[in-house]
Amino acid sequence: MGLLWGRVNWRQLVKLVLMIVIVQAVYWGVVDKPLFRADPGEAPPMARISNVEIARLDAPSFAEARTARYKPAELPWTHCCDSAAFAMRGVFTVDAIPAHGLGVISDMQVDNYALAVNGSVLVARGRLTAAHPSFHGQVKYLTRIPAGLLRAGANEFTYVTVRDGFPYTDLLAPRIADYDALEAHTARRLFIVGDFYKISGILLGLLGLLATLMVFRSDDWRFAAWLSALCAAFVGYMVYATWLDPPLDGWGRMLAFFAIYLFIPTALLCFIDSWTRHPLPYFQGGVVATYGAVTGVIAWYIYRVPMPEGFDMPAMLWIWSLMGAAILVIGRLVWHFAAHSETRLVESSLLTVLAVALVVDAVSNWFPQWGVREGNLLNSSAFLLLAMTAAFLARNFRLFQSQGALNAMLQAKVDQREAELAEAAQREKALVRQQAFDEERRRIMRDLHDGLGSQLMSIMLSARVGVAEPAVVAEGLQSVIDEMRLMVDSMDSVGESLGAALATFRARVQPRVQAVGMEFVWTEADGIGEIDQFGPRDVLQIFRVLQEAVTNALKHAECSRIAVNVGRQGEQLLLAVVDDGKGIDGQASVGRGLGNMHARVVSVGGAVTVTPGTDGRGTRVLLALPLRRLQEVAA
């Protein structure tokens, strides 16, 4: 534990805490309070409600309500614990009738209701049936009571309500006042619980679509995927709140509420875990598994346990889940900032606002007597997710840079890349040259050991046993001198192109051949020097093969003429060394020489053959290199 605390970045944590305090103060004081909790001012005078009576109905209709047996009741009034239809009637009194009539807001916790004033049906939305009604009663409306329906003094109102699935029916006194004054007083609140959620749903839907596209375009696909899922969860709840006639009964709608609402903190936790860029092992899987388990338990209670426990326990699980998710959100952020270096302080602080909104909503449902207003998570979702997305896009996609800045940035990257490629090419060229030098060094070492070493050893042994004749020693020393000259020549540069190498080869070999009284013939086809598919290493290997072939002819062929032919046949470069000597069978060292030549030619992708010369006389060494293959490799 001491080691863990020693690794905590306390300075970063302090910055995070300060930023959280600032962002929380800005949101709750500058955004939430004036927008969602603004004081609407003093309410207009309400009509007096009296003589309230309630009756249970066999069917939710005004015909049943007219013949029902009513009992006096005090509002608010609650019934538990079964699905039921009720009628509530009473009297509201006005001293004078306003020119624009009265307005009424019905506070009913029922699936659907209908309202009649003075015997005339005023409100009847959706489907008012005992089984599978619509859910228009879940939305608050301001309804106008026309002046023509009213009379000065006492007026009668009658509600017919239905509740199917949900175990509690809550009837409250309607708010009736001058229409214009009531509209001005309640406009902001009715907009928040009505049109605002629809607008937020549309914005979050577009944001979720953008996040879905980011899944396929962004390297940080987990972040985008959970952002999309979080938007989908919010949109799902807003669809739930505004879709008043879904293909669900009351029990199905209850389960849909818990499943959708609980998925919001689930997606939020996984979203934050992905946002950290250091997701915890098994964390997201554990969160999703917990969501599935809690939703399964809630479904079992709703469909298998009698009411009200069938609702009360799911509601308690829901509240506990909200509180637990809020704690985990804050804990996950604190753990991330304690364990990792992080600069995204604003984004992380915005995420804590969502966590605090979760806490407030959990408290408002856990302690309803405190009067804390719920719906904070939904209220904050659109603003905070838009801010998060703007920060993400600004950081990763640079959408707000000017075209000139983007072009300058791209050009700078191109220039940097070209410089890096040029430097890499120089390094590769130097490496190839060094490898060629290393191969030559190893060849010289082999020649020293196999050529000069063996000849000098033979002369030394002959001298020790006393059989070294002067003529034999002289011939052996001459061979050693020739071998040394060849080695000295081989250590000179041959040039980096095929044309330069062939010119160097001819300049070195022709004087040497003619110095011993032999005829030297050089034949080269046009355009050979322009072939540029060979690199420095390949050119050196070709030079050495030709040099080896001429040396073998000088030492072993006993010839009077050596010819070198360089030409091209189709897609092959052909280089031949031909002598008129005693032929292959008479050359004692051709085996070792041919092995060296074969190894060199294979390294450049070609082939070497040794055959009898013209008319069966002498020896012909032919080097063949496929130009097409070399061109493909170059491409």
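In this text the structure is predicted, and so the values were computed from the model without any measurement.

On to the packing of aromatic side chains. Tallied over the entire structure, the rule returns 24 aromatic pairs. Plain terms: the ring middles of Tyr-168 and Phe-311 are 6.1 Å apart, the flat faces sit at 70° to each other, and that makes the pair edge-to-face. With a gap of 143 residues between them, Tyr-168 in strand β11 (residues 168-171) and Phe-311 in helix α8 (residues 309-339) connect regions that are remote in the sequence. A relative accessible area of 15% means that Phe-311 is categorised as buried. Taken together, the ring pairs connect Phe-166, Tyr-168, Tyr-237, Tyr-240, Phe-257, Phe-258, Tyr-261, Phe-311 and Trp-318 into an aromatic cluster.

Summarising the sheet, strand β16 (residues 607-612) and strand β17 (residues 619-626) pair through 6 bridges and their orientation is antiparallel. Within β17, the residue paired with Thr-609 across the bridge is Leu-622. A loop of 6 residues connects β16 with β17, the two strands running antiparallel in sequence, and Asp-615 in this loop sits at a positive phi of about 60°.

As a further point, take the confidence of the model for the chain. Residue-level pLDDT values for the chain average 82, and 85% of them are 70 or greater. Contacts for the low-pLDDT stretch residues 1-6, under 50 throughout, to residues beyond four places or in other chains number 2 contacts. Across residues 586-591, where pLDDT falls below 50, the model places 9 contacts with residues more than four positions away in sequence or in other chains.

Our next topic: the pattern of salt bridges. This model, assessed by the stated rule, comprises 12 salt bridges. Salt-bridge contacts for Glu-53 lead to Arg-89; the nearest nitrogen and oxygen are separated by 2.8 Å. Residue Glu-53 is found in strand β1 (residues 48-57), and its partner Arg-89 is found in strand β4 (residues 84-94); the two are separated by 36 residues along the sequence. The salt bridge partner of Glu-519 is Arg-561, with a shortest N-O separation of 3.9 Å. Of the two residues, Glu-519 is situated in strand β13 (residues 519-524) and Arg-561 in strand β14 (residues 561-569); the sequence distance between them amounts to 42 residues. Judged by relative accessible area, Arg-561 falls into the partly exposed class, the value being 33%.

Of the consecutive residues Leu-75 and Pro-76, the connecting peptide bond is found in the cis state with omega at 0°. Inspection of the secondary structure puts Pro-76 in the loop between β2 (71-72) and β3 (77-80). Cis peptide bonds are those with omega within 30 degrees of zero, and the linkage from Cys-80 to Cys-81 qualifies with 25°. When you line up the elements, Cys-81 lands in the loop between β3 and β4.

Quick notes on the rules
Residues numbered from 1 in each chain as written. Predicted model: local features only at pLDDT ≥ 70, side-chain atom pairs only at ≥ 80, totals over all residues. Heavy atoms only, no water. Phe/Tyr/Trp six-rings, centres within 6.5 Å; stacked < 30°, edge-to-face > 60°. Helix = DSSP H or I, 4+ residues; strand = E, 2+ residues; numbered from the N terminus. Buried < 20%, exposed > 50% of the residue type's maximum accessible area, 1.4 Å probe, protein only. Pairing = 2+ DSSP bridges. pLDDT = per-residue confidence, 0-100. Contact = heavy atoms within 4.5 Å. Salt bridge = Lys/Arg side-chain N within 4 Å of Asp/Glu carboxyl O.

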